[in-house]
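Residue strings, one per chain:
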Amino acid sequence: MIYSLDDLIMLSALQHFVYCERQCALIHVEQAWSENVFTAEGRIMHEKVDTAKYESRKNVRIEYGVPMRSLRLGLIGKADVVEFHRTDDGTWLPFPVEYKRGKSKADNCDRVQLCAQAICLEEMLDVEIREGTLFYGQTRRREDVVFDRELRMETEDVAEKVHELIVAGITPKPEYSKKCERCSLLELCMPKTCVRARSVRNYLLTAMEQE
Ligand code: SF4
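Residues numbered from 1 in each chain as written. Predicted model: local features only at pLDDT ≥ 70, side-chain atom pairs only at ≥ 80, totals over all residues. Heavy atoms only, no water.

(A) View of the layout of surface pockets. One number sums up the size of the second largest pocket: a volume of about 170 Å³. If you go around the second largest pocket, the residues you meet are Glu55, Arg57, Val60, Ile62, Tyr64, Val81, Glu83, Val97, Tyr99, Phe135 and Arg142. Elements with a minimum of two residues in the lining of the second largest pocket: β3 (60–70), β4 (75–86) and β5 (92–100). Considering each element in turn, the lining of the second largest pocket owes the most residues, three residues, to β3. Here the residues of the lining of the second largest pocket are counted per class, giving seven nonpolar, no polar and four charged. (1 Å grid on protein atoms, 1.4 Å probe; cavity = no way out; pocket = protein on both sides within 12 Å on 5 of 7 lines; lining within 4 Å. Points joined across faces, edges and corners; volume = space filled by probe spheres on them. Helix = DSSP H or I, 4+ residues; strand = E, 2+ residues; numbered from the N terminus. Nonpolar A, V, L, I, M, F, W, Y, C, P; charged D, E, K, R; others polar.)

Spelled out as structure tokens, the structure:
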């Protein structure tokens, strides 16, 4: 499937979706946004990266804030950094680098976002990109990510589901978990309150059934 320019969605929505489907809908369907200490740190990190334009070393050229899109996945966005590595035959191979605050996560949200960037670059530049890197501010560590078949399939699947979510325009109900404590939308989402409200409702329904 090829998406039209009007139907492109933000590449970052994939990361939000894998982290929490409700968070994705709140941001990309309801246009809600709230900054907390985690997103503020992340934004400052991205802004620092954004101020530079490019650097060049012997066999590496580094481009900052690179715009990108994929009509096949219906995505548009910007990569923090794309390194171009000169190969033995003299061609320059793109290598996406994404800056994140915090540390490597158990779920694949950051890896899916990076893979989506690679797919955009592949489509735009007609190349094959095998790997990229996530750089985590808290641990100051790079995590190399291989864009294997499994990660590509997951990324394509997530892109399709995010399109469906945005077209449907229905925000999923909250489910409280540990990750909510780090979520910038915690106050707006109120997952504990909703869970409690559901519990009360369930209690009343059960009580009525027993009557
Ligand atoms: S608070 Fe929890 S349930 Fe609500 S959007 Fe954030 S992660 Fe999702």
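(B) Up close: empty space enclosed by the protein. This model, assessed by the stated rule, comprises one cavity of 30 Å³ or more. Taken as a whole, the largest cavity holds about 100 Å³ of empty space. Cys20, Arg22, Cys180, Cys183 and Cys189 are, among the 13 residues lining the largest cavity, the residues nearest its centre. Examining the composition of the lining of the largest cavity, we find that three residues originate from one element, helix α2 (residues 21–28), more than from any other. Classifying every residue of the lining of the largest cavity by side-chain character gives nine nonpolar, one polar and three charged.

(C) Broad picture of the packing of aromatic side chains. Using the criterion set out here, one finds one aromatic pair in the structure. Residues Tyr99 and Phe135 carry aromatic rings whose centres are separated by 5.2 Å and whose planes lie at 50° to one another, so their mutual orientation is tilted. Of the two residues, Tyr99 sits in strand β5 while Phe135 sits in strand β6 (residues 131–136), which places them 36 residues apart along the sequence. Overall, Tyr99 belongs to the partly exposed group, its relative accessible area being 22%. One cation-aromatic arrangement involves Lys179 over Tyr19; the distance from NZ or CZ to the ring centre is 5.6 Å. (Phe/Tyr/Trp six-rings, centres within 6.5 Å; stacked < 30°, edge-to-face > 60°. Buried < 20%, exposed > 50% of the residue type's maximum accessible area, 1.4 Å probe, protein only. Lys NZ or Arg CZ within 6 Å of the ring centre and 35° of its normal.)

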